[in-house]
Amino acid sequence: MPQQDSASNQNADMSLYSDVEHSYIRRRGRFTKAQASALERLAQHYRMSTQEINTDLRELGIEIGFGMGHELIVWGQEQPQKLLLGIELYQPGIGSMLSRLENLKIGNVALVDEPAQKVLAELTPKSVSEIRIFFPDPWPKKRHLKRRLIQPEFLEQMLVVLKPMGIARLATDWAEYGEWMAEHFAMNTNFKCELDAIRDPILAESGLTTSLDSLGAVRGRTKFETRGEKLGHRIRDFTYRRVS
Ligand SMILES: C[S@@+](CC[C@H](N)C(=O)[O-])C[C@H]1O[C@@H](n2cnc3c(N)ncnc32)[C@H](O)[C@@H]1O
C-alpha cells in the first residue's frame, strides 16, 4: 500500500537529517521587491503538499535545487502533461520562479519548499519518472563534504521514489564533485550510467568540443553553469537509469 510504504520510507530516513541539516538551512538571501511580493502572493497557490502529490494521477518529474527556476519552467512548457515538482529553499529564487509561472500561465509546475531529503522520504515509492539535479552546491572544503546532496543515502532515497527505468540527470561545473558523483553512482549497481559527458567552455567556443545539444543534455544553460563557465570550469553532465 503506497501510504504505508511512504511512512516506512520516511522513518528510515529520519537519521539523515541530523547529518545534513546544515546543508539546507532555509535561505532567505536578498530579495528584490518583485521576488518578495511574488513569494508572498503566490507561494500558497503553487505549493503542493506531499499528500496532494501522492494522490495526483499525472506522471511525476522533479527538479531539486531549481535556483531561479529557468530550467524547470522550460521543462514545464515542454511537457505540460506531467506534474513537475520544483524543490528549492532559496526564497528569492522561489519568488522569481513563481512570478514567471504566473506570467506564463504555467499550470503543471508545483513548488515544494522543503529539503529534498525530507520530500523524497514522503513521496510514494516508485512514483517518479525523472529527477533533475543541476549544479548542486559543491561544498569544496573537506570538512563540508558531508553537506553534499549526493551521498550514498540520498542515492538510495532516489531509488526508492524512482519508477523502474526512471531517470536521474545531473550536472556540475566542479570537477571534483563530478568525480564524486561518478564514484557514488558507480558504487550503486541499481543505477546504470547512460551519459557521462564533459564539455570544455573554452574549446566549445572554438568548436573543438561538443555542444550541450549534441551531448543529449535536456537542459539549457543554467545561471550557475554560466558562472562556472566564466571561471573556465568544465561542465560535466550525467544521466543514470534505475535498472532494478
Ligand atoms: C548552486 S545552486 C544551483 C541552482 C540552479 N540549479 C542553477 O544551476 O542555476 C544549488 C541550489 O540547490 C538548493 N539546495 C541545496 N540543498 C538543497 C536541498 N537539500 N533541498 C532543496 N534544495 C537544495 C540551494 O538552495 C541552491 O539554490
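Above this text sits the structure in question.
Residues numbered from 1 in each chain as written. Predicted model: local features only at pLDDT ≥ 70, side-chain atom pairs only at ≥ 80, totals over all residues.

What follows deals with the site of the ligand. What surrounds the ligand is a group of 24 residues, the closest being Gly-65, Gly-67, Ala-116, Phe-135 and Thr-222. If you list the elements that add at least two residues to the shell around the ligand, you get helix 6 (116-122) and helix 10 (223-230). (Near = placed C-beta within 6 Å. Helix = DSSP H or I, 4+ residues; strand = E, 2+ residues; numbered from the N terminus.)

Our next topic: the pairing of strand 7 (residues 235-242). The element strand 7 is extensively covered by neighbouring structure, given that seven of its eight residues are classed as buried. Pairing between strand 5 (residues 162-172) and strand 7: six bridges, direction antiparallel. Among the inter-strand pairings, Thr-172 is bridged to a residue of strand 7, identified as Arg-236. Inspection of the sheet shows strand 6 (residues 191-199) paired to strand 7 by eight bridges, in the antiparallel sense. Paired with Ala-197 across the bridge in strand 7 is Asp-237. (Buried ≥ 20, exposed ≤ 12 C-beta atoms within 10 Å, placed from the backbone. Pairing = 2+ DSSP bridges.)

With that settled, consider helix 8 (residues 175-186). Given a rise of 1.5 Å per residue, twelve residues ought to cover 16 Å, and the 16 Å separating the end C-alpha atoms of helix 8 matches this to within 8%. Where the residues of helix 8 are buried, they touch helix 7 (152-161), strand 5, strand 6 and strand 7. (Expected span 1.5 Å × (residues − 1). Contact = placed C-beta atoms within 7 Å.)

Attention shifts here to the sheet that holds strand 4 (residues 128-134). Here we have seven strands laid out as an open sheet, ordered 3-2-1-4-5-7-6, and mixed in their pairing. Both outer strands of the open sheet, strand 3 (109-112) and strand 6, are each paired with one neighbouring strand and no more. The sheet shows a mean angle of 15° between the axes of neighbouring strands, direction not considered. As paired strands, strand 2 (residues 83-87) and strand 3 are joined by four bridges and run parallel to one another. For Gly-86, the partnering residue across the bridge sits in strand 3 and is Leu-111. (Axes fitted to C-alpha atoms, helices over the stretch in contact; angles between N-to-C directions.)

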